[in-house]
Amino acid sequence: MELGIFAKTFERPSVGSVFDAVRAHGLRVAHFNMSCTGRPSMPDAIPEDLAASIGTAAEERDLTLAGVSGTFNMIHPDPAVRERGLRRLDVLAGACDAMGTDVITLCTGTRDPDDKWRRHPDNDTDAAWRDLRRSMERALAVAETHDVTLALEPEHANVVDTARKGARLIEEMGSPRLKVVFDPANLFETAPPDERRRRVEEGLALLGEHVVVAHAKDRRADGTFCPAGHGVLDYDHYLAQLRAAPTDPPLVLHGLAEDEVAGCLAFLRERLGGG
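Residues numbered from 1 in each chain as written. Predicted model: local features only at pLDDT ≥ 70, side-chain atom pairs only at ≥ 80, totals over all residues. Heavy atoms only, no water.

Draft legend 1. Here's a closer look at the overall build of the protein. A count of helices and strands for the protein gives eight helices and nine strands. A globule of 275 residues ought to have a C-alpha radius of gyration of about 19 Å, and the protein, at 18 Å, matches this closely. A principal-axis box enclosing the C-alpha atoms of the protein has dimensions of 50 × 45 × 35 Å. With 275 residues in all, the protein has 53% of them scored as buried. The long-range fraction of contacts in the protein, counting pairs at least 24 apart against all pairs at least 6 apart in sequence, stands at 75%. Surface exposure of the protein reaches about 11800 Å², of which carbon and sulfur atoms provide 45%. (Helix = DSSP H or I, 4+ residues; strand = E, 2+ residues; numbered from the N terminus. Rg over C-alpha atoms; globule rule 2.2 N^0.38 Å. Buried < 20%, exposed > 50% of the residue type's maximum accessible area, 1.4 Å probe, protein only. Contact = heavy atoms within 4.5 Å. Areas by Shrake-Rupley, 256 points an atom, 1.4 Å probe, with all protein chains shown as cover.)

Draft legend 2. The pairing of strand β4 (residues 103–106), seen in detail. Where burial is concerned, the two faces of β4 agree: the one with Val 103 and Thr 105 and the one with Ile 104 and Leu 106 are both buried. Pairing analysis gives two bridges linking strand β3 (residues 64–69) to β4, with the strands arranged parallel. Among the inter-strand pairings, Val 68 is bridged to a residue of β4, identified as Ile 104. When β4 meets strand β5 (residues 149–152), the two strands line up parallel, connected through four bridges. Pairing of Ile 104 across the sheet is with Leu 150, part of β5. (Pairing = 2+ DSSP bridges.)

Draft legend 3. Quick look at unusual backbone geometry. One non-glycine residue, Asp 62, adopts positive backbone phi at about 55 degrees. Its location among the elements puts Asp 62 in the loop between α2 (48–60) and β3.

Draft legend 4. Structural view of the environment of Glu 83. Position of Glu 83 among the secondary structure elements: in helix α3 (residues 79–99). Judged by its relative accessible area of 29%, Glu 83 is partly exposed. For the pair Glu 83 and Leu 256, spaced 173 residues apart in the sequence, the C-alpha separation amounts to 32 Å.

Now the structure itself:
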């Protein structure tokens, strides 16, 4: 199992120096974010030479980009905001080949107008699901045009907040270009140990064949996020379940500060037997 990290964990003045920081920790996989270039994560334009320079910088360092972040609010209550996100997704998808990746990671969004990571009661309505389907249909058309894969991430605060809803959306979309980012810490907020393990098992049973990236972060007992190994998630159980899944996705660290990277990597490498 290959370990990786969110590139934006490292604040550096250039993409090359960000990638150098990733490699300095013995990692050969990074999840990219356009914020590493000093631009928004979802910019309105990506110059061709910029995209090519990202791909070249990764290739020169023998670094694989497991994906690039393309998160926008797919069910925002304002259709104009959704439209803007889809336009920017098209821009990002058009730059993927030059950057050297073919995976764009998504969140499914929330009815909250101000924060795409904050839960809203209207997420559970039929109207929210219909809007998600419309947005995803158009996003998949973008993916088809640019020959990329979209990877949704079930999130406790989003409209797809369970593995079961993720599996439902994949079935309803019927597209081989729709895959999954699996993060067990997003499948619960607070839950007893047995329930946490059950959700990991259920999640990978439902989504395992579609997982292209797995995440490594954690939750404290009070439900707040924390770095891998600092919370209540049973990592031995999670990694055993992930290894038994049909795919072999990279395990990507995120949700941590740079000074926490070494400790979290040591924790994961120990559990992976030096992997």
